[in-house]
Amino acid sequence: MTTARRPAVLGGTPAFPGELPFARPLVPPLDEVMTRLKASYDRGTLTNGPLTRELEAHAAERLGVAHVVAVANCTAGLMLALRALGPVEKVVLPSFTFSASAHAIAWNGYKPVFAECDPRTLQLDVGDAGARLVAAGAGALLATHVYGAPAPIDAVTELCARRGVPCVFDAAHGLGAEHDGQPLGRYGTAEVFSMSPTKLVVAGEGGLVTTNDDDVAASIRIGRDYGDPGDYDTLFPGLNARMSEFHAAAALASFELLDEHVDRRRAIARRYREGLQGVAGLREPEVFIGDRSSYKDFSLIVEDAFGLDRDALRHALLLEGINTRPYFSPPVHRQKAYAHLPAVDLPVTDAMSGSVLSLPMFGDLRDDDVDTVVEVIGALHAHAAEITHRT
Ligand SMILES: *Cc1c(COP(=O)(O)O)cnc(C)c1O
């Protein structure tokens, strides 16, 4: 690895004067989306029509699950999935997740009970979650497949079975990921996927709820349509969370690219991993043995031995034109939206949130751009003392 490069933070030439984005959707060709949309459009069926049914059937077959309910977005899907569990009052979830996981709990009027993450994997710490579940008398558990790597599915399933509580997986990052050789979508009481622009399958906006439970599926189908079972006599205050035919057309075309897209992201992750191997103080969150990540994100934990902390590294990369994100920082329990809750002590989550950094990752990221990011990070490590001294 060359360290000859002079970092931009020390006056060198930026590696990407034109900027390297953090994420970019891998979109299917527009004419393919239009071809799929045409029949519904010409007939005047603009939402919740045959393309939505086709998407649900395609996803159910691909993921190997009895029911797929397409919804307007993953957040609404999580809201409806949690609603379908019946009144639960309190739900345990990791604080190391995206805010929407907790918002879906709060919008139901339930109370989020935040649990720790495992410092090796950054996934839910199931031991801690179990203790908090019992202490709070919580009625359900929500676990996130963080960065597209499966959550500790078997341990979560075992905990929920032992305690007799349902479990929802926030599978926003999960299309393309595998557990024991099987795609996600069949685990827990329900899983909820996102098809927003930073995810692997893109609908523009869209979500998929998967479940093998007939009653849960029926509740979500009614819930996405105002709570109306079909006779305008609504059963509960539902949402308008239907998927439009435009979004279903884009999602169907995008699904065609998924296998290739996941392969490409895994190759990019491998290239980052091999390139950064020799750099001290950078650690990749572990994926459980037998699981495969979708690499919705490629993230690193920046430790003392690197020489710069996460924020200094992020700033130096930005000066090179390299966009990164500190996913997930601040952790949800530190966000203003949850400041009214009783204080909770989550030291591991705080430490991890303060040291994670997600690098540029998208389907058409080029190998030589990955190599340049690797080279820049190596140069920043080599110049860490000088950077710390000068800035
Ligand atoms: C993107 C994301 C969501 C929200 O998905 P939308 O489709 O944008 O509502 C929820 N949870 C996680 C972990 C996410 O990354």
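Preceding this paragraph is the structure being described.
This is a predicted model, so every value here is computed, not measured.

Caption draft 1: Examining the site of the ligand more closely. Surrounding the ligand, one finds 13 residues, the nearest of these being Thr75, Asp170, His173, Ser194 and Lys199. In this structure, cysteine 74 approaches the ligand through a main-chain N or O atom, which is 2.9 Å from an oxygen atom. Serine 194 is positioned such that a nitrogen or oxygen atom in its side chain is 2.7 Å from an oxygen atom of the ligand. Notes on the ligand: free accessible area 390 Å², of which the protein chains cover 91%. Here the shell around the ligand is composed, by residue class, of four nonpolar, seven polar and two charged.

Caption draft 2: Region of the structure containing empty space enclosed by the protein. This structure, assessed with the given rule, holds two cavities of 30 Å³ or more. If you go around the largest cavity, you meet 14 residues; those closest to its centre are Tyr147, Ala149, Pro285, Val287 and Tyr295. Within the lining of the largest cavity, the residues separate by chemical class into seven nonpolar, four polar and three charged. What the second largest cavity holds in volume is close to 40 Å³. Together, Phe22, Ala23, Thr198, Arg265, Lys296, Asp297, Tyr327 and Met361 line the second largest cavity.

Caption draft 3: Representation of the pairing of strand 1 (residues 67–71). Summarising burial for strand 1: five of the five residues are buried, a large majority. Burial of the side chains of strand 1 extends over both faces: His67, Val69 and Val71 are buried on one face and Val68 and Ala70 on the other.

Caption draft 4: Structural detail: a nonpolar patch on the surface. A contiguous nonpolar surface patch, about 300 Å² in accessible area, is contributed by Tyr41, Leu46 and Phe246. Mapping leucine 46 onto the fold places it in the loop between helix 1 (30–43) and helix 2 (50–63). Judged by its relative accessible area of 41%, leucine 46 is partly exposed.

Caption draft 5: Local environment of the sheet that holds strand 10 (residues 282–283). Strands sit in the order 10-12-13 across an open sheet of three strands; the sheet is antiparallel. The sheet is open, and its two borders are formed by strand 10 and strand 13 (356–359), each paired with just one other strand. Note that strand 12 (residues 298–302) and strand 13 share four bridges and pair antiparallel. Looking across to strand 13, one finds that phenylalanine 298 is bridged to leucine 359. Sitting on the sheet, helix 10 (residues 310–319) touches strand 12 and strand 13, and the angle it makes with strand 13 is about 25°.

Caption draft 6: How the structure looks around the pattern of salt bridges. Here the structure, examined in full by the defined rule, presents 25 salt bridges. Residue glutamate 56 pairs with arginine 53 through a salt bridge whose shortest N-O separation is 3.1 Å. One end of the pair, glutamate 56, and the other, arginine 53, are both in helix 2, three residues apart, so they sit about a helical turn from each other. Among the residues examined, glutamate 56 registers a relative accessible area of 7% and is labelled buried. In this structure, arginine 273 and glutamate 284 form a salt bridge, with 2.7 Å as the shortest nitrogen-oxygen distance. Linking arginine 273 in helix 9 (residues 258–276) with glutamate 284 in the loop between strand 10 and strand 11 (291–292), this pair joins segments that are eleven residues apart in sequence.

Caption draft 7: Representation of the sheet that holds strand 3 (residues 111–115). Taking strand neighbours across the sheet as the criterion, the seven strands line up as 1-9-8-5-4-2-3 in an open arrangement whose pairing is mixed. For this open sheet the edge positions go to strand 1 and strand 3, each flanked by a neighbour on one side alone. When strand polarity is set aside, the average angle formed by the axes of neighbouring strands in this sheet is 20°. Note that strand 5 (residues 167–170) and strand 8 (residues 190–194) share three bridges and pair parallel. In the strand pairing of strand 8, valine 168 is matched with alanine 190.

Caption draft 8: Quick look at helix 5 (residues 126–136). Along helix 5, the residues that are buried comprise Val126, Asp128, Ala129, Gly130 and Leu133. At its buried positions, helix 5 is contacted by strand 2 (90–94), strand 3, strand 4 (140–144) and helix 6 (153–163). Taking the backbone nitrogen of glycine 127 as reference, a side-chain oxygen 3.1 Å away marks aspartate 125 as the first, capping residue of helix 5.

Caption draft 9: Structural context of the state of the cysteines. Applying the stated criterion across every chain yields a total of zero disulfides. Of the cysteine sulfurs around cysteine 117, a residue in no disulfide, the closest is that of cysteine 167, at 17 Å. Among the residues examined, cysteine 117 registers a relative accessible area of 1% and is labelled buried.

Caption draft 10: Quick peek at helix 2. In this model helix 2 runs 20 Å from its N-terminal to its C-terminal C-alpha over 14 residues, within 8% of the 20 Å that 1.5 Å per residue would give. Regarding helix 2, the residues found buried are Leu51, Thr52, Leu55, Glu56, Ala59, Ala60 and Leu63. Buried residues in helix 2 make contact with helix 1, strand 1, strand 7 (182–183), strand 8, strand 9 (207–211) and helix 8 (245–255). Positive backbone phi, approximately 70°, marks glycine 64, located one or two places after helix 2.

Caption draft 11: Spotlight on the environment of glutamate 274. Mapped onto the elements of the fold, glutamate 274 is located in helix 9. Sequence separation between glutamate 274 and valine 374 is 100 residues; the distance between their C-alpha atoms is 9.4 Å.

Caption draft 12: Representation of the nonpolar core in the model. Leu55, Leu141, Val156, Met195, Leu208 and Phe255 are the most contacted members of the largest nonpolar core, which has 49 residues in total. Considering each element in turn, this core owes the most residues, seven residues, to helix 8. With residues near it in sequence (within four places) discarded, leucine 141 still touches Val91, Val92, Leu124, Ala129, Leu133, Val156, Leu159, Cys160, Pro166, Cys167 and Val168. Phe16, Leu365, Val370 and Val376 belong to the second-largest nonpolar core, a separate cluster that totals 34 residues.

About the thresholds
- Residues numbered from 1 in each chain as written.
- Predicted model: local features only at pLDDT ≥ 70, side-chain atom pairs only at ≥ 80, totals over all residues.
- Heavy atoms only, no water.
- Near = heavy atom within 4 Å.
- Polar contact = N/O pair within 3.5 Å; in protein donor to acceptor, adjacent residues only side chain to side chain.
- Areas by Shrake-Rupley, 256 points an atom, 1.4 Å probe, with all protein chains shown as cover.
- Nonpolar A, V, L, I, M, F, W, Y, C, P; charged D, E, K, R; others polar.
- 1 Å grid on protein atoms, 1.4 Å probe; cavity = no way out; pocket = protein on both sides within 12 Å on 5 of 7 lines; lining within 4 Å.
- Points joined across faces, edges and corners; volume = space filled by probe spheres on them.
- Buried < 20%, exposed > 50% of the residue type's maximum accessible area, 1.4 Å probe, protein only.
- Helix = DSSP H or I, 4+ residues; strand = E, 2+ residues; numbered from the N terminus.
- Patch = residues over 30% accessible without salt bridge, like charges linked within 9 Å, V, L, I, M, F, W, Y side chains within 5 Å.
- Salt bridge = Lys/Arg side-chain N within 4 Å of Asp/Glu carboxyl O.
- Pairing = 2+ DSSP bridges.
- Contact = heavy atoms within 4.5 Å.
- Axes fitted to C-alpha atoms, helices over the stretch in contact; angles between N-to-C directions.
- Disulfide = S-S within 2.5 Å.
- Expected span 1.5 Å × (residues − 1).
- Core = buried A, V, L, I, M, F, W, Y, C linked by side-chain atoms within 4.5 Å.

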